[in-house]
Each structure stands twice: as structure tokens, then as C-alpha cells.
Amino acid sequence: MHPAGRLHPHGAVRSHALLLTKGTPTVRRSSVLTVVLGLAAGLLAGTPPAQAVEGRAPAAAVAADTYTWKNARIDGGGFVPGIVFNRSEKNLAYARTDIGGAYRWQEASKSWTPLLDSVGWERWGHTGVVSLASDPVAPSKVYAAVGTYTNSWDPDDGAVLRSADRGATWQKADLPFKLGGNMPGRGMGERLAVDPHRNSVLYLGAPSGKGLWRSTDSGASWSQVTSFPNPGNYVQDPTDTSGYASDNQGIAWVTFDESSSTGTDATKTVYVGVADKDNAVYRSTDAGVTWSRLAGQPTGYLAHKGVLDAENGYLYLAYSDKGGPYDGGKGRLWRYATATGAWTDISPAAEADTYYGFSGLTVDRQKPGTVMATAYSSWWPDTQIFRSTDSGGTWTKAWDYTSYPDRSNRYTMDVSSSPWLTWDAHPSPPEQTPKLGWMTEALEIDPFDSSRMMYGTGATIYGTEDLGQWDSGGRFTIKPMVRGLEETAVNDLAAPPSGGAQLLSALGDIGGFRHTDLTEVPSMMFTSPNFTTTTSLDFAESNPGIVVRAGNLDSGPHVAFSTDNGANWFAGTDPSGVSGGGTVAAASDGSRFVWSPEGAGVHHTTGFGTSWSASSGIPAGAVVESDRSDPKTFYGFKSGKFYVSSDGGATFTASSATGLPSGDSVRFKALPGTKGDVWLAGGASDGAYGLWHSTDGGATFAKLPGVEQADTIGFGKAAAGASYQTLYTSAKIGGVRGIFRSTDKGATWTRINDDAHQWGWTGAAITGDPRVYGRVYVSTNGRGVVYGDAGDGEGGGTDPTPTGACAVTYEITNQWPGGFQADVRLSNTGTTAWTGWSLGWSFPDGQTVTRAWNATSTQSGTAVTTKNLSWNANVAPGSSVSFGFTGTWTTTNTAPRTFTLEDRSCPAP
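This text gives an overview of the structure that appears in the document. Please read these numbers as outputs of a predicted model, since none were measured by experiment.

**Quick look at the overall build of the chain**
No. 1: In terms of regular secondary structure, the chain is built from one helix and 71 strands.
No. 2: Its C-alpha radius of gyration of 28 Å places the chain within 12% of the 29 Å reference for a compact globule of 909 residues.
No. 3: Of all 909 residues assigned to the chain, the portion counted as buried reaches 63%.
No. 4: For the chain, the exposed surface amounts to about 28,400 Å²; the carbon and sulfur share of it is 48%.

**A word on the nonpolar core**
No. 1: Counting residues in each nonpolar core, the largest one holds 52 residues, and the members touching the most others are Met372, Ile385, Trp420, Trp423, Leu436, Tyr455 and Ile510.
No. 2: Of all the elements in the fold, those that place two or more residues in this core are strand E32 (443-445), strand E33 (453-456), strand E35 (476-480), strand E36 (490-494), strand E37 (503-507) and strand E62 (785-790).
No. 3: Filtering out sequence-adjacent residues up to four positions away, leucine 436 remains in contact with Asp382, Thr383, Ile385, Ala398, Trp399, Tyr411, Met413, Tyr455, Thr457, Tyr462 and Ile478.
No. 4: Core analysis: the next-biggest nonpolar cluster, separate from the first, contains 26 residues, Val808, Trp837, Ala855 and Ala895 among them.

**A few points about the state of the cysteines**
As used here, a disulfide is simply a covalent bond connecting the sulfur atoms of two cysteines.
No. 1: Going through the model one piece at a time under the given rule, you end up with one disulfide.
No. 2: Two residues, cysteine 806 and cysteine 906, share a disulfide whose sulfurs are 1.9 Å apart. Because the torsion about its S-S bond is -100°, the bridge between cysteine 806 and cysteine 906 counts as left-handed. Pair noted here: cysteine 806 is in strand E63 (residues 806-816) and cysteine 906 is in strand E71 (residues 904-906), with a separation of 100 residues, a long-range link.
No. 3: Taking relative accessible area as the criterion, cysteine 906 reaches 2% and is therefore assigned buried.

**As for unusual backbone geometry**
No. 1: The peptide bond linking glycine 189 to glutamate 190 adopts the cis configuration, its omega dihedral lying at 10°.
No. 2: By the secondary structure assignment, glutamate 190 is in the loop between strand E12 (171-174) and strand E13 (192-194).
No. 3: With an omega dihedral of 0°, the bond running from threonine 433 to proline 434 counts as a cis peptide bond.
No. 4: Tracing the backbone through its elements, the reader meets proline 434 in the loop between strand E31 (411-413) and E32.
No. 5: Not every positive phi belongs to a glycine, and asparagine 91 is a case in point at roughly 70°.
No. 6: Of the residues examined, asparagine 91 reaches a relative accessible area of 24% and is grouped as partly exposed.
No. 7: Phi at lysine 110 is positive, roughly 50°, even though this residue is not glycine.
No. 8: Topologically, lysine 110 is positioned in the loop between strand E7 (102-106) and strand E8 (111-114).

**Here's the deal with the pairing of strand E43 (residues 580-586)**
No. 1: In terms of burial, E43 is largely enclosed, as seven of its seven residues are buried.
No. 2: Relative to strand E44 (residues 592-598), E43 is paired through five bridges, and the arrangement is antiparallel. Bridge assignment links valine 584 to a residue of E44, and that residue is tryptophan 595.
No. 3: As consecutive antiparallel partners, E43 and E44 are separated by five residues, and within that stretch glycine 590 has a phi angle of approximately 80°, a positive value.

**Brief notes about the sheet that holds E31**
No. 1: Read across the sheet, five strands follow the order E31-E35-E34-E33-E32 without closing on themselves; strand pairing throughout is mixed. Each edge of the sheet is formed by a strand with only one pairing partner; in this case those strands are E31 and E32. Taken over all neighbouring pairs, the strand axes of this sheet differ in orientation by 20° on average, direction set aside.
No. 2: Summarising the sheet, E32 and E33 pair through three bridges and their orientation is antiparallel. Looking across to E33, one finds that leucine 443 is bridged to tyrosine 455.

**Examining the pairing of strand E48 (residues 634-638)**
No. 1: Among the five residues of E48, four are classified as buried, and the element is accordingly described as predominantly covered.
No. 2: Two strands pair when backbone bridges link them, and strand E47 (residues 623-626) and E48 are joined in this way by four bridges, in the antiparallel orientation. Along E48, the bridge assignment pairs glutamate 625 with tyrosine 635.
No. 3: In this sheet, strand E49 (residues 641-645) lies alongside E48 in antiparallel orientation, the contact comprising five bridges. Following the sheet pairing, phenylalanine 637 is matched in E49 by phenylalanine 642.

**What to know about the packing of aromatic side chains**
No. 1: The final tally for this structure, using the stated rule, is 51 aromatic pairs.
No. 2: Between tyrosine 336 and tryptophan 343, the aromatic rings sit 4.8 Å apart at their centres with planes inclined by 45°, giving tilted as the arrangement.
No. 3: When its relative accessible area of 4% is taken as the criterion, tyrosine 336 is described as buried.
No. 4: Among the aromatic residues, ring-to-ring pairing joins Tyr810, Phe820, Trp837, Trp841, Phe843, Phe883, Phe885 and Phe899 into one connected group.
No. 5: The ring centre of tryptophan 399 lies 4.1 Å from the NZ or CZ of arginine 407, which sits over that ring.
No. 6: When the ring centre of phenylalanine 539 is taken as reference, the NZ or CZ atom of arginine 628 above it lies at 5.1 Å.

**Section: the pattern of salt bridges**
No. 1: Tallied over the entire structure, the rule returns 26 salt bridges.
No. 2: The shortest N-O distance in the salt bridge between glutamate 258 and arginine 87 comes to 3.1 Å. Placement of glutamate 258 in the loop between strand E17 (251-256) and strand E18 (270-274) and of arginine 87 in the loop between strand E5 (82-85) and strand E6 (93-96) is noted, with a sequence separation of 171 residues between them.
No. 3: A residue is classified by how much of its surface remains accessible, and arginine 87, at 40% relative accessible area, is partly exposed.

**Structural notes on a nonpolar patch on the surface**
No. 1: A contiguous nonpolar surface patch, about 340 Å² in accessible area, is contributed by Trp380, Tyr401 and Tyr404.
No. 2: On the secondary structure map, tyrosine 404 appears in the loop between strand E29 (399-401) and strand E30 (407-409).
No. 3: The class for tyrosine 404 is exposed, based on a relative accessible area of 53%.

**Examining the environment of asparagine 248**
No. 1: The residue asparagine 248 is located in the loop between strand E16 (223-224) and E17 in this model.
No. 2: In sequence terms asparagine 248 and alanine 719 are 471 residues apart; their C-alpha atoms lie 54 Å from each other.
No. 3: Within the local environment of asparagine 248, its side chain forms a polar contact with the backbone oxygen of proline 231, the two atoms lying 3.5 Å apart.
No. 4: Side-chain polar atoms of asparagine 248 contact the backbone nitrogen of glycine 250, separated by 2.9 Å.

**Let's talk about the environment of serine 879**
No. 1: Looking at where serine 879 falls in the secondary structure, it is placed in the loop between strand E68 (863-867) and strand E69 (880-888).
No. 2: The spatial distance from the C-alpha of serine 879 to the C-alpha of asparagine 828 is 5.7 Å, given a sequence separation of 51 residues.
No. 3: Those residues in contact with serine 879 that lie beyond four places of it in its chain are Ala64, Asp65, Leu826, Ser827 and Asn828.

**Description of the sheet that holds strand E40 (residues 543-552)**
Sheet strands pair by backbone hydrogen bonding; their relative direction is either parallel or antiparallel.
No. 1: One open sheet holds the four strands; their spatial order is E39-E40-E41-E42, and the pairing between them is antiparallel. Bordering the open sheet on either side are strand E39 (533-540) and strand E42 (570-571), each of which pairs with just one other strand.
No. 2: Both strand E41 (residues 559-562) and E42 contribute to a ladder of two bridges, which runs antiparallel. When the sheet's bridge partners are listed, phenylalanine 561 is paired in E42 with phenylalanine 570.

Conventions adopted
- Residues numbered from 1 in each chain as written.
- Predicted model: local features only at pLDDT ≥ 70, side-chain atom pairs only at ≥ 80, totals over all residues.
- Heavy atoms only, no water.
- Helix = DSSP H or I, 4+ residues; strand = E, 2+ residues; numbered from the N terminus.
- Rg over C-alpha atoms; globule rule 2.2 N^0.38 Å.
- Buried < 20%, exposed > 50% of the residue type's maximum accessible area, 1.4 Å probe, protein only.
- Areas by Shrake-Rupley, 256 points an atom, 1.4 Å probe, with all protein chains shown as cover.
- Core = buried A, V, L, I, M, F, W, Y, C linked by side-chain atoms within 4.5 Å.
- Contact = heavy atoms within 4.5 Å.
- Disulfide = S-S within 2.5 Å.
- Pairing = 2+ DSSP bridges.
- Axes fitted to C-alpha atoms, helices over the stretch in contact; angles between N-to-C directions.
- Phe/Tyr/Trp six-rings, centres within 6.5 Å; stacked < 30°, edge-to-face > 60°.
- Lys NZ or Arg CZ within 6 Å of the ring centre and 35° of its normal.
- Salt bridge = Lys/Arg side-chain N within 4 Å of Asp/Glu carboxyl O.
- Patch = residues over 30% accessible without salt bridge, like charges linked within 9 Å, V, L, I, M, F, W, Y side chains within 5 Å.
- Polar contact = N/O pair within 3.5 Å; in protein donor to acceptor, adjacent residues only side chain to side chain.

Structure below.
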């Protein structure tokens, strides 16, 4: 398998093709780049990240609740183009993703912690990370260059985020140009670099002809290096009118020669890689004042990586004829002697024998003569990893042929922690499963441990901790090193009311999963068939053993069925002309299905799709759903019109309902158990936008007042004492963008996420859990399936306690030398709503709060006072509010145990 394509609401080009649906970019693997539709304006509304330097969200007339948020474990699922180890502190490492934010390695748990969940709806593009830099002088400092697209798909300019607490909190410096974390060439780098001597100096390589940029104040402000002579000229496809493949890939990397300076003087010698096949490498020997093209350099290729071994005086360069990360047909490895200017071709294969480009370049900082590189674009039969222990004089391979097609591997693969990485494939030699990888642009040897290596692929991070076996003749073991890094893009979600599946997911690139335990990685994605991207799925409400899904596949069927709750699948038959999955709906009893695929009109069938008949009265491309009570009633929506069928999808009639959104950025669902109860969310900022409710099967709709914008709608178990199911939505209510819950049919709403948990764009799907009150599943665009559990637990409320009662949970969530991060939950355990709150405590060990979010904080001596912001002042009985902060500590960091709310004591466990 080559699972190159990923479906992303704002596009994630994993391969050669991109098409946009419902106003949102979608990716699938193909041979031609095709753009069909632009982004909907409705995706651009919202609030900025909580922990950025902008102001807070406006006031909201909604209550607040505290939720615990986790990922339904998949582990990986997307492209990791960059891994960065800190050069001065052991076990400090970061990973960047193209659309799903950045992560920090946690050595104790061998897992990754997400760092950019605070990016909000309005700045969704800042979940794309084009480069990372970890400060070698002050290891607590880290920088991220963010922005997803350089063309019109991303409406915002890029930014450089800076953190003094290892990514726990961030400040932001806006740039006057866009950055492309998900653009062609995103595996090159790193484009962002910190001067190893004067760490207040940073460089950033820009795309789109914007040149080289520099900061002299630790990333707070940036200016162009006007003396740098070449902004690059390479584009993947000059004919692409979307601006995606036709953008100049610009400046690719910056590398300092730390041996050229001492003390705190700015490093004199700096190398810069440029996306220009004739002029790929430049150097400054006067700390960036003047620059010149490196003499004698090879031409005809792009330098993806430039890694310096200062001890031996070598600059290593990995070249490819394409920008990557998925293309590249020829490549070379070169070594430049910094003292003499001599160039040496150290490629491990003759140019005629390469069918790939080189990348993934690294040196062993404990043994600088040891160099490794990857054949990043070798899709078949596998990627290749090369290793030299004599500065590139000779090379060995991770695998080689014995007698074609048989292979001998220096490694063993152990994917027991992520068994789906085999793709349930059964390839013929020389292919193997699981693959060693693909799109392997990021490979790093731990600078403190020669035995540990990590590398990114299109689906995971692999690594080994016994790399030394390579040279001694033994076999080293490669395992996923990806726990905590969740990078899937989610298109649809379903939580059946019974059966073994807690959750069914429709995902980009890796199809989707059946979760029977949210805390465990499923053994396999959906197979038989294995869609590259699943676009839609549904189950029969009264017979949830029957499940249907639709998706994209280069060659094969686009619809599949299950009769055992999604455990096993079989393919249906496509109507003529189908080119993509579209949306699909199952009758409430599973007796029939309605399908609206791409490339063909709406169709219906009885049974399991062995033959389909065209539906009448409804336009092609309509979104379809089923009534959850009447098995013959189906619904559709297209371009402002709602459609209803009462004969199993054979014929549809347009409703006379007016005032609905005119565009196609709409999601709607029918309430389980009640015929004709339909909720519709969607719209655009330049027209109708919000949440509508119909109780007569779509004949009429009433717009809910107070819901300014809504993009998803879902249902979950009713609260204790409530007769109507709980509603969930990703919406803007009371001036605040967030995830909201209503237990009273939409009369009032509670924001259940907070500013630290926003996950960028969450507009694809949402559903509550029909079995667990308060549990909600949220789709993200690159951060996987996020689920939240209510602070008041299952059952929908707590027993009343005396008026004004409260409780506090204080948790130290992260700690490092001299610093820490804490989360605080304040619960209203009384019977009266709060319209404001002020919580106080004293630190027992003299700790100091340095920055807070979701609250204001003041400190006098050891005494701390935190107060609400305008949007989270209202806390209903039985609900909670949470805030967090970073702080400093010296000898010990004991948590406070005594808290006061105004003049009342609040117990803490």
C-alpha cells in the first residue's frame, strides 16, 4: 500500500491530487492535481488562540463546564516531516506535523505531548508547522514557524510562535507573508534556526519569493535580510492555477557552523539552502552581513537538507530533483569540506541507479563520522536508509537484495503497538509489510545516544534504541515511537447505541477505525475494501449491527457494508460513473440505503448495494441522511434546499422551507427515536449561518436564537431528569467559538472546551455518546478524534449540596528544571449559579505564577488570586470551570491544598 492521500478540511497534500468538497480541501492519490472548489467563507470565523498574545474572547451568555479531553487512540496516522533534538539537553525532542501542530517528547512515558491545541478556529492555519527550532543555549525555549498554505486556501499570514516553557504557552510574532506547513517541499529544512552562540538571533527561510528573515530579539520581531541574494525559484508545477503547486518553495534550510565563533558572539559562518537547482547553497562568513554562492557546488538538484559536522569540518547535503515529500526521481549526496572548499560526491548509488531523491540527513553527534540518509521518495518496494561510519566514504543499507525479489534486512519490524501499520496487506516480494516507510524526510540520531534513532513517515514515527546493532552485524529493532501523536483528519463520526463498537470513525488517508476501547489502538483499520479516505459512514439506528461506509479508492468499489457492527466488511457495487465516496445513509432498520457519491447522482438500494437505482427529485452532490425512526424516510440538502423522501429514497421532494444556508457547507442529522425531528447546522459569514430545528420532517425550520454560527450537530445521552437527548455542536454562541452542549433542547448552552483545547478547525463532525452522558466525540483536522468527558460524570449532574459550595482539583501536568505547568478545575457543587468567581491559594514552597490562561492571575508573596474572564464568569450548579498556568519553582514544588472562593473554603483532594 502507498497510503499517500489524506483528507483534510483545509487540504493536506500527501500525494499528487487535491480536490475540495463542502467548501473544504480534500486530498486523494491520483496523477493530476485538480482543484474543484474553493474554501467556504464560513470556515474563517472564530477567536484566536487563548495562549497567543492577542486579547481574550468576548463575553458569552453561556455557562462553562470542565471537561477532560483525550484522544481516541490511533497513534500517528499522518506525515511527520520534521524531528528536532535539542543539542544541549538530553531527551528533549520535538516533532512537527504538516497540519496537526507540534509535539514534545516525554521520555518517562515514551510518548508525545501536543503543544498547539490552543490554536483556535479563526487561525486554523496555524496548526500547520513548517519548521521547529529548539534553543541550544536556553533549552526551555522553543520556536515554531506556523501556517498551512501560501495560496488562498489559508486566509491568514504565517507567524513565528515562541515559548519559554517548552511549548506549554506561546507568544506570537505575525509575519507579513504566508507559510506553508502543508505545501510542496515541506519535508525540507529546518527553515527555522537559532544561533548556537547568540541565541537571541534566529533565521527563517520564507517561501513565495519572500527571502531570508532574521530576528535579533528572540523571535519577538522579524525583518528581511535584504543582503541575501536569492529567494529561490523552484516550483513543482508552474501550470497549477490554484497557487498550490506553482508556489516558489523558497528558502529550504539554515545551518550554523558553531566552530566559527566563541562565547556569545553571533556565529560568523551560516549556510543557507535555497530551492534553486543552479544555486542551491549560500554562505555568510560575517554573521549574515554579506552572502555569496558557495563556489563549485553541484547543480541540477535541490538541497533538501544541509547538516554540518563541525568537528570534522564537513557540510553534508542531501539532494533531490524534486521538492518532495512524495515526488523525486533522482538524487545525490555530497560532502563539502568547510576548510578547503572541496566537494565530494559521496552518494551510495550511481546516479543512473537512483529512482529517488535523498533526504532524512543526520550525523551522529557522539561519533561525527557516522552519517545517515534516506531515499525519501522510494515508494516501491520500500524506502531505503543508508549509513556510513567513515564520513560518507562507504555505505551500508538497511536492506538489500539477496536474489531478487528476496530481501535481507538489517532490522526487524515490531508494530505490535500499532498493528494497523501492516495495512492488512499481503504483498509479493520484494514488497514487505509493514513497510520500512515512505516520505522519510525526517531522520535523526539522538545527539546524546548513538543507539537511538527516530524517523518520520507518511503514517507514523518509527525508531530504534539499538541502532548500534547495524554496525556490529546484528539486527536492530524498529518500533513505532508515536504514542500521543495523533495526526488523523476526521471526516465523520458515529457512536452506535449498542454493540461492541464505542465509536466508528471516517478518516483521511487511513480509512477509519472501529474503537471498542478508546484507550487502545485498534488492531486494524476498515478493510475489505480499504479506502484511502472514508468520506461518510452510518449505522442502522434500530439495528446497529448494520453499518455502511463510503470512501475514495483509486481502483475498486466506493461503498462497503458490515452486518456485525463494523467488525468485518464486504464491498458493494458502484453505480456507473462513481468517482468518490460522497455521503451515505442507512435506513433506521438497515433494510435500505441512500448514497450520494461523487461523479454520479443520488442512488438508492434495498439490501446491500448489489444494484442501485437512481433517485429522482434531488440534485447530484446532495448531502443525504436518514430518519432515525422511519426506515422509508430519508433527507437531503443541496444549495439552500432541503429534500425529503418517504419511499426509501426512490423519489425526493423539495421542502418549502426557506431561510436555510444558500451554500453547501452544511451538516444535518435526525434525532434518534423521533420521526421528523431534524437539526441542521452550517452556513457562511456572508449569509445565513447558524443552527436550525425542524419537528415536521423538514417541512419547516426554526432558527435557534443566540447561535450566531454552527457547523456541526450531534446527539448524546440525555441528562438526568431530561426527556430530550443532549445536543452538541461546534459553534459560535454568545460571541465565543467553541464546543457547546445543551441539555434543554437548545434553550441554553454550556461551553465544554476551553481556550487551551481548541484544535483549530472542528467543523467536520461531532457526536455525543448514546450510552455515556456528557461524552462527546469531536472531529479535528489533523489532531485525530478528540473525546471529552463531563466533569460531573455519567448520569448528568451531581446531588445538590449547600448553596455556594465549591471544590478544587489542582494538578501539575508538566514539570521541568525550574518550571512547571498546572491545571486547576473549580467546580460549583452548590445549587446557585455563579456570575463571577475569584479563587485564592498560597504556594507552600514559594512558587511563582508566570503566565495564566482562561483566568487572570495576581500574586503577592506566596498568595495567588485568580479571577474569571468575561466569557467564563457564569458557572451553573453541577458545572465546572478550568484554567491553567505556568510557574517557576526552586527546590521543591508541593501542590497547594487549601483554596478559598471569595470568603469560603473550597475542599481539594
